[in-house]
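Structural overview
Below, each chain spelled out in residue letters.
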Amino acid sequence: GAVVSQHPSRVICKSGTSVKIECRSLDFQATTMFWYRQFPKQSLMLMATSNEGSKATYEQGVEKDKFLINHASLTLSTLTVTSAHPEDSSFYICSARGQGMTYGYTFGSGTRLTVV
Amino acid sequence: RKEVEQDPGPFNVPEGATVAFNCTYSNSASQSFFWYRQDCRKEPKLLMSVYSSGNEDGRFTAQLNRASQYISLLIRDSKLSDSATYLCGYGNNRLAFGKGNQVVVIP
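Residues numbered from 1 in each chain as written. Chains lettered and ligands numbered in written order. Predicted model: local features only at pLDDT ≥ 70, side-chain atom pairs only at ≥ 80, totals over all residues. Heavy atoms only, no water.

Quick notes on the overall build of chain B
Helix and strand counts for chain B come out as zero helices and eleven strands. Each helix and strand of chain B, placed in order from N terminus to C terminus, yields the pattern β-β-β-β-β-β-β-β-β-β-β. Over its C-alpha atoms, taken along the principal directions, chain B stretches across nearly 40 × 30 × 20 Å. A burial count over chain B gives 46% of its 107 residues as buried. The contacts of chain B with a sequence gap of at least 6 include a subset with a gap of at least 24, amounting to 58%. In the structure as shown, chain B presents an accessible area of about 5,300 Å², 48% of it carried by carbon and sulfur atoms. Distance from the positive charge centre (12 side chains) to the negative charge centre (10 side chains) of chain B: 5 Å. (Helix = DSSP H or I, 4+ residues; strand = E, 2+ residues; numbered from the N terminus. Buried < 20%, exposed > 50% of the residue type's maximum accessible area, 1.4 Å probe, protein only. Contact = heavy atoms within 4.5 Å. Areas by Shrake-Rupley, 256 points an atom, 1.4 Å probe, with all protein chains shown as cover. Lys, Arg positive; Asp, Glu negative; His and termini not counted. Charge placed at Lys NZ, Arg CZ, Asp CG, Glu CD.)

Dropping the structure here:
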């Protein structure tokens, strides 16, 4: 149980375009999902906490107008990188935790974004 | 002070040896602690949750020291397949991570 699916796994886009990344909990309802970014050889940096039916909570220094998060259902959260720049190239990973789950957070397989 | 601090290493460990490392955290109110394993260019996978009484899973032992605000991970009888980065995660309603401890097990 506790499977999180993330798509796409890899995307290349042009500067100035927007990219949407999906994170789905397949066998549980995820009341909360988290979005992380990881640059090469760096730690996972929490970008925002996504709560179903309410606005996301962004970490300090993360532009909410650039990284749009939508958590419209208990099984789906999306992250849209708007007006992408080469410096947005990174590994984006989501994680989810269902209500009552005590055994940690499950991660999606990540999305490697390259902006050219 | 950073939320979570880990010595990134690398920790070069001879096969069969024991390695241990700590992770310090700043928020004393945190209730949930975890160790994750991350292989290169892959997502983190939960290794074990960390409980106040300490817990063991095979060759892996995790401890929580609330007084000194750190958690530890000990790996016994290291295998080549243990080579990875070990991330400590903590938080209540949000999960923050340290930089990770890179372990390289050497034949």
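Observations concerning the interface of chain B and chain A
The interface is formed by 18 residues belonging to chain B together with 20 residues belonging to chain A. Regarding the contact of chain B and chain A, the summed buried area is about 1,500 Å², with carbon and sulfur atoms giving 52% of it. Between chain B and chain A we count one salt bridge in total. The salt bridge partner of Glu59 of chain A is Arg94 of chain B, with a shortest N-O separation of 2.6 Å. Linking chain B with chain A are four residue pairs in polar contact (both at pLDDT 80 or more), by the criterion used here. With four residues, the top contributor of residues to the side of chain B that touches chain A is strand S4 (residues 32-38) of chain B. Its residues assigned to classes, the side of chain B that touches chain A shows seven nonpolar, six polar and five charged. (Buried area = accessible area lost by both parts, 1.4 Å probe. Salt bridge = Lys/Arg side-chain N within 4 Å of Asp/Glu carboxyl O. Polar contact = N/O pair within 3.5 Å; in protein donor to acceptor, adjacent residues only side chain to side chain. Nonpolar A, V, L, I, M, F, W, Y, C, P; charged D, E, K, R; others polar.)

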